[in-house]
Structures are given as C-alpha cells and as structure tokens.
Amino acid sequence: DVKVTQSSRYLVKRTGEKVFLECVQDMDHENMFWYRQDPGLGLRLIYFSYDVKMKEKGDIPEGYSVSREKKERFSLILESASTNQTSMYLCASRRGGETDTQYFGPGTRLTVL
Amino acid sequence: AQTVTQSQPEMSVQEAETVTLSCTYDTSENNYYLFWYKQPPSRQMILVIRQEAYKQQNATENRFSVNFQKAAKSFSLKISDSQLGDTAMYFCAFRANAGKSTFGDGTTLTVKP
C-alpha cells in the first residue's frame, strides 16, 4: 500500500513564526502536492513538484514556499505565519502517468495565533 | 482554466437507500480524467472511482457508479445500498493529461441509520 505521512496532525504556531510542514511518501512517486482545505472552498493547490528540486506554483502560492531535496520528501514552508494561514494542509503524491491516482496524507491542522 | 462545481454542500440518505451526488465541470480539453474522492471524518482522503473521458462506458466500483455525460460536462456519483461508513465528504476532481488536478468544494454526505 502507498503510504503518505505528514509530520504532525495538529500544530499551533504564533504569528510571524517560520513553519515547516513535512510530507514523506514511500512509493517512489514522481509528483507531490501541497493543498490547503478550508470549509466551502474545497482543496486549493499551493505548490506541486514533478521531480527532485523541481517545483511549480499552484493556485495560491503567496506566503508559501516548498523544498524537494529528495524524491520521497516534500516540505511546505510558511516563511512568516499569519492568522489567515490557519487551515488544514494536505499532502498528496502520484506516479507520473496520466491515469494515476493521487494518494493523500492524513493532513496537518495548523492554527496560527 | 478548468472549474469543478459541486452544487450540493450537504446531503443525507437513509441507510440502504441510493443517493446521487452531482458534479459539473468546465473545460476546453478533449482528453481528461475525472475522479471522486472520499474523506471520512478525521481520516485520509481516498479515491472512490475514476473515469477516463475517452471511455463511453460509465465506471463502476461495487456500490459506487458514475453517470458521465461528456457533452453536458456532468459527472455524478451514485451510491447504492448506502452504509453508515459512507458518511464522509466527497470531492469531485478533474485532471487533464498528467497535469494538476482541480477539485470541487465538496459535498458532505450523512448516512442515517
């Protein structure tokens, strides 16, 4: 079974802190994604990566950056956390084929005070 | 840009009955893929069913089936013999080729005993 893990289920940070969210997948998937999930807004893509050291902006990249130094790990960075970044963050991975399924992590619920 | 619309924020169904969740999308692409994902309360999102746009036959997976109407750009999910474990948020998603996915806002389904 594909496994996508995220470093924390719940995280509380203060405004202005630098926040790291880690995601690891164990199936050698090329593509990895970071989404945020907010009530009534569905899933919105923040960033994605289709290879090591490659990254592409999604629909809402402002205030975020990412890092992919190894194939299995994709990190989301909030350089200076703000209260409007309080959200559920979902990581996903997918093999490179057209029909391949995305596999999701359990999510990190981040609260910024 | 592609858009995905789920017009039913919330739905409920009695156990053992059938329910249909609606999804419409807008695209100028001819080749694409459609997905339904399920997110149970406090659990990971998983794939329920997928449909390739070039296939005319509707996809089925046990109690889950879709009604894919390409001309109408409609992709509804039918759940037969609903079970308590079907209670979840359901997301419709669109993807063209090997690119990024676009998700709808989700439909919260409650199965009542």
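Residues numbered from 1 in each chain as written. Chains lettered and ligands numbered in written order. Predicted model: local features only at pLDDT ≥ 70, side-chain atom pairs only at ≥ 80, totals over all residues. Heavy atoms only, no water.

A. Representation of the environment of Arg-95 of chain B. Take Arg-95 of chain B: it is sitting in strand E10 (residues 88-95). Sequence spacing of Arg-95 of chain B and Asn-31 of chain B is 64 residues, and the spatial spacing of their C-alpha atoms is 9.1 Å. At 2.7 Å, the side chain of Arg-95 of chain B forms a polar contact with the backbone oxygen of Asp-100 of chain A. (Helix = DSSP H or I, 4+ residues; strand = E, 2+ residues; numbered from the N terminus. Polar contact = N/O pair within 3.5 Å; in protein donor to acceptor, adjacent residues only side chain to side chain.)

B. Region of interest: the interface of chain B and chain A. The interface is formed by 21 residues belonging to chain B together with 23 residues belonging to chain A. Roughly 1,800 Å² is buried in total at the junction of chain B and chain A, and carbon and sulfur atoms are behind 47% of that figure. Looking at the side of chain B facing chain A, the largest losses of area belong to Gln-44, Lys-100 and Phe-103 of chain B, adding up to 28% of the total buried there. Our enumeration of links across chain B and chain A arrives at one salt bridge. The partner of Asp-59 of chain A in a salt bridge is Lys-100 of chain B, with the nearest N and O atoms 3.3 Å apart. Class assignment for the residues of the side of chain B that touches chain A results in nine nonpolar, seven polar and five charged. (Contact = heavy atoms within 4.5 Å. Buried area = accessible area lost by both parts, 1.4 Å probe. Salt bridge = Lys/Arg side-chain N within 4 Å of Asp/Glu carboxyl O. Nonpolar A, V, L, I, M, F, W, Y, C, P; charged D, E, K, R; others polar.)

C. Layout of the nonpolar core. Tyr-25, Tyr-32, Trp-36, Phe-75, Leu-77 and Tyr-90 of chain B are the most contacted members of the largest nonpolar core, which totals 26 residues. Of all the elements in the fold, those that place two or more residues in this core are strand E3 (19-21), strand E5 (33-39), strand E6 (46-52), strand E8 (64-69), strand E9 (74-79), E10 and strand E12 (107-112) of chain B. The element best represented in this core is E10 of chain B, accounting for four residues. Ignoring anything within four residues of it in the chain, the contact list for Tyr-25 of chain B reads Thr-3, Val-4, Tyr-32, Leu-34, Phe-68, Gln-69, Lys-70, Lys-73, Ser-74, Phe-75 and Phe-94 of chain B. Listed in part, the 20 residues of the second largest apolar core include Met-32, Ile-46, Leu-76 and Val-112 of chain A. (Core = buried A, V, L, I, M, F, W, Y, C linked by side-chain atoms within 4.5 Å. Buried < 20%, exposed > 50% of the residue type's maximum accessible area, 1.4 Å probe, protein only.)

D. Quick look at unusual backbone geometry. The residue Asp-28 of chain A is not glycine, and still its phi comes out positive at about 60°. Among the secondary structure elements, Asp-28 of chain A is positioned in the loop between strand E3 (19-25) and strand E4 (31-38). Even without being glycine, Asp-81 of chain B reaches a positive phi, approximately 50°. Turning to its location among the elements, Asp-81 of chain B is positioned in the loop between E9 and E10. In this structure Asp-81 of chain B comes out as partly exposed when scored by relative accessible area, which is 41%.

E. Structural detail: the state of the cysteines. Residues and elements named next belong to chain A. Counting across every chain of the model gives two disulfides over all chains. Here Cys-23 connects covalently by a disulfide to Cys-91, the sulfurs 1.8 Å from one another. Note on the Cys-23 and Cys-91 pair: the S-S dihedral is about -75°, so by sign convention the disulfide is left-handed. Of the two residues, Cys-23 sits in strand E3 while Cys-91 sits in strand E9 (residues 87-94), which places them 68 residues apart along the sequence. Both residues of the pair, Cys-23 and Cys-91, count as buried. (Disulfide = S-S within 2.5 Å.)

F. Quick peek at the layout of surface pockets. By volume, the largest pocket amounts to about 540 Å³. Contributing to the lining of the largest pocket are 25 residues, with Gln-37, Met-88 and Arg-109 of chain A together with Gln-39 and Met-89 of chain B lying nearest its centre. Those elements that place two or more of their residues in the lining of the largest pocket are E4 and E9 of chain A together with E10 and E12 of chain B. For the lining of the largest pocket, the residue count by class is ten nonpolar, nine polar and six charged. Here the second largest pocket is characterised by a volume of approximately 250 Å³. Around the second largest pocket, the lining comprises 13 residues; the ones closest to its centre are Asp-59 of chain A together with Gln-2, Thr-3, Thr-102 and Phe-103 of chain B. Taken together, the residues that form the lining of the second largest pocket break down as six nonpolar, four polar and three charged. (1 Å grid on protein atoms, 1.4 Å probe; cavity = no way out; pocket = protein on both sides within 12 Å on 5 of 7 lines; lining within 4 Å. Points joined across faces, edges and corners; volume = space filled by probe spheres on them.)

G. Summary view of the packing of aromatic side chains. Under the defined criterion, the tally for this structure stands at 14 aromatic pairs over all chains. Pairwise contacts between aromatic rings join Phe-33, Tyr-35, Phe-48 and Phe-104 of chain A together with Phe-35, Tyr-37 and Phe-103 of chain B into one cluster. (Phe/Tyr/Trp six-rings, centres within 6.5 Å; stacked < 30°, edge-to-face > 60°.)

H. Structural view of the pattern of salt bridges. In total, this model carries ten salt bridges over all chains according to the counting rule given. A salt bridge links Lys-73 of chain B to Asp-26 of chain B; the shortest N-O distance between them is 3.6 Å. Pair noted here: Lys-73 of chain B is in the loop between E8 and E9 and Asp-26 of chain B is in strand E4 (residues 24-26), with a separation of 47 residues, a long-range link. With a relative accessible area of 42%, Asp-26 of chain B lands in the partly exposed category. The network of salt bridges with common partners includes Arg-36, Asp-38 and Arg-44 of chain A.

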